[in-house]
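# A structural walkthrough
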Amino acid sequence: MCLSTVYYSDDTERENPLAEDIANVSIADGHVVLTDLFGIDLQVDGEIDYVDLIKNYMTIKKA
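Heads up: these notes are all about the structure in this document.

Analysis parameters
- Residues numbered from 1 in each chain as written.
- Predicted model: local features only at pLDDT ≥ 70, side-chain atom pairs only at ≥ 80, totals over all residues.
- Heavy atoms only, no water.
- Pairing = 2+ DSSP bridges.
- Helix = DSSP H or I, 4+ residues; strand = E, 2+ residues; numbered from the N terminus.
- Axes fitted to C-alpha atoms, helices over the stretch in contact; angles between N-to-C directions.
- Contact = heavy atoms within 4.5 Å.
- Phe/Tyr/Trp six-rings, centres within 6.5 Å; stacked < 30°, edge-to-face > 60°.
- Buried < 20%, exposed > 50% of the residue type's maximum accessible area, 1.4 Å probe, protein only.
- Lys NZ or Arg CZ within 6 Å of the ring centre and 35° of its normal.

Attention shifts here to the pairing of strand E4 (residues 41–52). Pairing between strand E3 (residues 31–36) and E4: five bridges, direction antiparallel. By the bridge assignment for E4, His31 is matched with Asp45. Between E3 and E4, which pair antiparallel in sequence order, lie four residues; one of them, Gly39, sits at a positive phi of approximately 85°. Inspection of the sheet shows E4 paired to strand E5 (residues 57–62) by six bridges, in the antiparallel sense. Bridge pairing links Asp52 to Tyr57 in E5. Here E4 folds back onto E5 in antiparallel fashion, the turn holding four residues, of which Asn56 has a positive phi close to 60°.

Structural data, given as structure tokens:
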């Protein structure tokens, strides 16, 4: 199972994760919706900037 960690794009050192163990990502009403392993949603203002499926992380550009 591949779960991802999400960071804001300006966190270039990847020191402060926005969310961890993310299983699903969707877009709803102009927001990025991150759903973790337990089914808990986190709605983030911004847009997807980068996704690395090998290293299991993604970045979101702040709105």
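Next comes the rest of the account.
Our next topic: the sheet that holds E3. The strand order around the closed barrel formed by five strands is E1-E2-E3-E4-E5, and the pairing between neighbours is mixed. Put simply, the sheet's adjacent strands are angled 55° from each other on average, direction ignored. By the bridge criterion, two bridges tie strand E1 (residues 4–8) to strand E2 (residues 19–28) in an arrangement that is antiparallel. Paired with Ser4 across the strands is Ile22, a residue of E2.

Relative to the assigned elements, Gln43 resides in strand E4. The sequence separation of Gln43 and His31 amounts to twelve residues, and the corresponding C-alpha distance is 6.3 Å. Setting aside chain neighbours within four positions, we find Gln43 in contact with Ala28, His31, Val32 and Val33.

Here the focus is the packing of aromatic side chains. Using the criterion set out here, one finds two aromatic pairs in the structure. Ring plane angle 70° and centroid distance 6.3 Å describe the contact between Tyr7 and Tyr57, whose orientation is recorded as edge-to-face. With Tyr7 in strand E1 and Tyr57 in strand E5, this residue pair connects regions lying 50 residues apart in the sequence. You'll find Tyr7 and Tyr57 in the same group, each marked buried. Measuring from ring centre to ring centre gives 5.9 Å for Tyr50 and Tyr57, while their planes differ by 45°; the resulting arrangement is tilted. Accessibility expressed as a relative area gives 41% for Tyr50, which makes it partly exposed. For Tyr57, a relative accessible area of 9% translates into the label buried. Through a chain of ring-to-ring contacts, three or more aromatic side chains come together here, namely Tyr7, Tyr50 and Tyr57. Positioned above the aromatic ring of Tyr57 is the side chain of Arg14, whose terminal nitrogen or guanidinium carbon lies 3.9 Å from the ring centre. The ring centre of Tyr8 lies 4.7 Å from the NZ or CZ of Lys62, which sits over that ring.

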